[in-house]
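Descriptive structure summary
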Amino acid sequence: ACPYAAGAAACIQSAAKIVTGKYLTPGHLKQIMTTTGDPITDTKVAITKPRVNLGHAIEHVINNPCADVTIGTGGLNWSYPFHTNYHDSRTEVIYRSGELGGRGFITGLAFHVTTIPGQTMEKWTIRMKHTTMNTFSGCSLDSTGWTVVYQNNEPRGSTGWPMYTFSTPFYYNGVNNLLVDFSHNNRSYSSNGQVKYSTPGGNRSVYAFSDSTHGDPLNWSGGSSPTA
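Not measured: the values here are computed from a predicted model.

**Focus on the pairing of strand E4 (residues 88-95)**
Burial analysis of E4 places 8 of its 8 residues in the buried class, the great majority of the element. By the alternation rule, side chains of E4 split into Asp88, Arg90, Glu92 and Ile94 and Ser89, Thr91, Val93 and Tyr95, which are all buried. By the bridge criterion, 8 bridges tie E4 to strand E10 (residues 177-185) in an arrangement that is antiparallel. Considered in E10, the bridge of glutamate 92 is made with aspartate 181. Inspection of the sheet shows E4 paired to strand E12 (residues 205-210) by 6 bridges, in the antiparallel sense. In the sheet register, valine 93 faces E12, and the bridge partner there is serine 205.

**Structural notes on the sheet that holds strand E11 (residues 194-197)**
What the 3 strands build is an open sheet, ordered E3-E11-E6; its pairing is antiparallel. Edge positions in the sheet fall to strand E3 (76-78) and strand E6 (113-115), since each of these pairs with one other strand and no more. Sheet twist, expressed as the average angle between the axes of neighbouring strands with direction ignored, equals 45 degrees. Bridge count for E6 against E11 is 2 bridges, and the pairing is antiparallel. Across the sheet, threonine 115 pairs through a bridge with glutamine 194, a residue of E11.

**A look at the pairing of strand E7 (residues 121-131)**
Of all 11 residues making up E7, 8 are buried, and the element is well covered by its neighbours. In the sheet, E7 pairs with strand E8 (residues 147-154) via 6 bridges, with the strands oriented antiparallel. Each residue of the ladder has a partner; that of methionine 121, found in E8, is glutamate 154. Bridge count between E7 and E10: 7 bridges; the pairing is antiparallel. Each residue of the ladder has a partner; that of threonine 131, found in E10, is asparagine 177.

**Quick word on a nonpolar patch on the surface**
Together, Ile18, Val19 and Ile62 line one region of the surface with nonpolar side chains, adding up to about 290 Å² of accessible area. With respect to the helices and strands, the residue valine 19 is situated in helix H1 (residues 2-20).

**Brief notes about the packing of aromatic side chains**
Applying the stated rule across the entire model yields 14 aromatic pairs. Measuring from ring centre to ring centre gives 6.4 Å for tyrosine 80 and phenylalanine 209, while their planes differ by 35 degrees; the resulting arrangement is tilted. With tyrosine 80 in the loop between E3 and E4 and phenylalanine 209 in strand E12, this pair connects stretches of sequence that are 129 residues apart. The exposure class of tyrosine 80 is buried, given its relative accessible area of 5%. By relative accessible area, phenylalanine 209 is classed as partly exposed at 32%. A ring pair is formed by tyrosine 86 and phenylalanine 209, whose centres lie 4.5 Å apart and whose planes are at 50 degrees; its orientation type is tilted. With tyrosine 86 in the loop between E3 and E4 and phenylalanine 209 in strand E12, the pair connects residues that are 123 residues apart, well separated along the chain. Each member of the aromatic cluster is reached from another via a ring pair, and the members are Trp78, Tyr80, Tyr86, Tyr197, Tyr207 and Phe209. Positioned above the aromatic ring of tyrosine 23, the side-chain terminus of lysine 17 is 5.2 Å from the ring centre. Stacked on the ring of tryptophan 146, the Lys or Arg lysine 129 has its end atom at 4.9 Å from the ring centre.

Rules and cut-offs
- All residue numbers refer to positions counted from 1 along the written sequence of the respective chain.
- Note on the predicted model: pLDDT of at least 70 is required for a residue's local features to be given, and 80 or more for side-chain atom pairs to be given and counted; whole-chain, interface and lining totals, by contrast, use all residues.
- Only hydrogens and water are removed before side-chain values are computed, so all heavy atoms of the structure are retained for them.
- Between buried and exposed lies partly exposed: a residue is buried under 20% and exposed over 50% of the maximum accessible area for its type, with that area taken using a 1.4 Å probe on protein chains only.
- Think of it this way: any DSSP run of H or I at least four residues long counts as a helix, any run of E at least two long counts as a strand, and we number them from the N terminus.
- Note: two strands are recorded as paired if DSSP finds a minimum of 2 bridges between them.
- Axis lines are fitted to C-alpha atoms, over the contacting stretch for helices. Their N-to-C directions set the angle, which ranges from 0 to 180 degrees.
- Patch membership requires over 30% relative accessible area and the absence of a salt bridge. Like charges are linked within 9 Å, and nonpolar side chains (Val, Leu, Ile, Met, Phe, Trp, Tyr) within 5 Å.
- Under the convention used here, a 1.4 Å probe and the Shrake-Rupley method define accessible areas, while residue burial counts only the protein chains that appear.
- Any Lys or Arg side-chain nitrogen located within 4 Å of an Asp or Glu carboxyl oxygen qualifies as a salt bridge.
- The rule is short: rings of Phe, Tyr and Trp, with Trp giving its six-membered ring, pair when the centres are within 6.5 Å, and they are stacked under 30 degrees, edge-to-face over 60, tilted in between.
- Here, a charge over a ring is recorded when the distance from Lys NZ or Arg CZ to the ring centre is within 6 Å and its angle to the ring normal is within 35 degrees.

Right under this line is the structure:
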């Protein structure tokens, strides 16, 4: 099994290099191999695992080359998700399926940054999951089902379009909308950073912020106030 998997990985990387001009990250490669594999069930223990299907994996790489997608044309400045004027903040945003360009792996994300945060964003985390929501009906943070795609003690960075390349690419199914969650967990406060935003219609974002008494924002839930 190990030599077969290693050989399959080499073939997939070769295809990726030809199609996209670059090799896949180890996390992206693993996700392609597992997502396109054939489900095999061990009846003795009732566990189902994917068996590598090299043909399906190569087909996926060829049919889903990497492409940049720009959502909206930002005309106004917003301090979220770089709200470093408080210790901690968390922001959730809905992106609709019609804005995302079809199914495939999301391997990174960039903001149009106009003002960099006043300090390093500690435990800066980006999470994603599918959602059926088109808008938020209230200011309530969702606490379950997230996939962490990026986490780092993030330097202040630069203006322009700095890219966050995901350590774990997210497989977007092309059908549902996408819910993206951003947070940082600092021990002090400074001036806010700012990014450009657009107003595509409906309440597409919710946010919360606090001092250090409410615990890790990754665990906040509900709508009345942040909770540990």
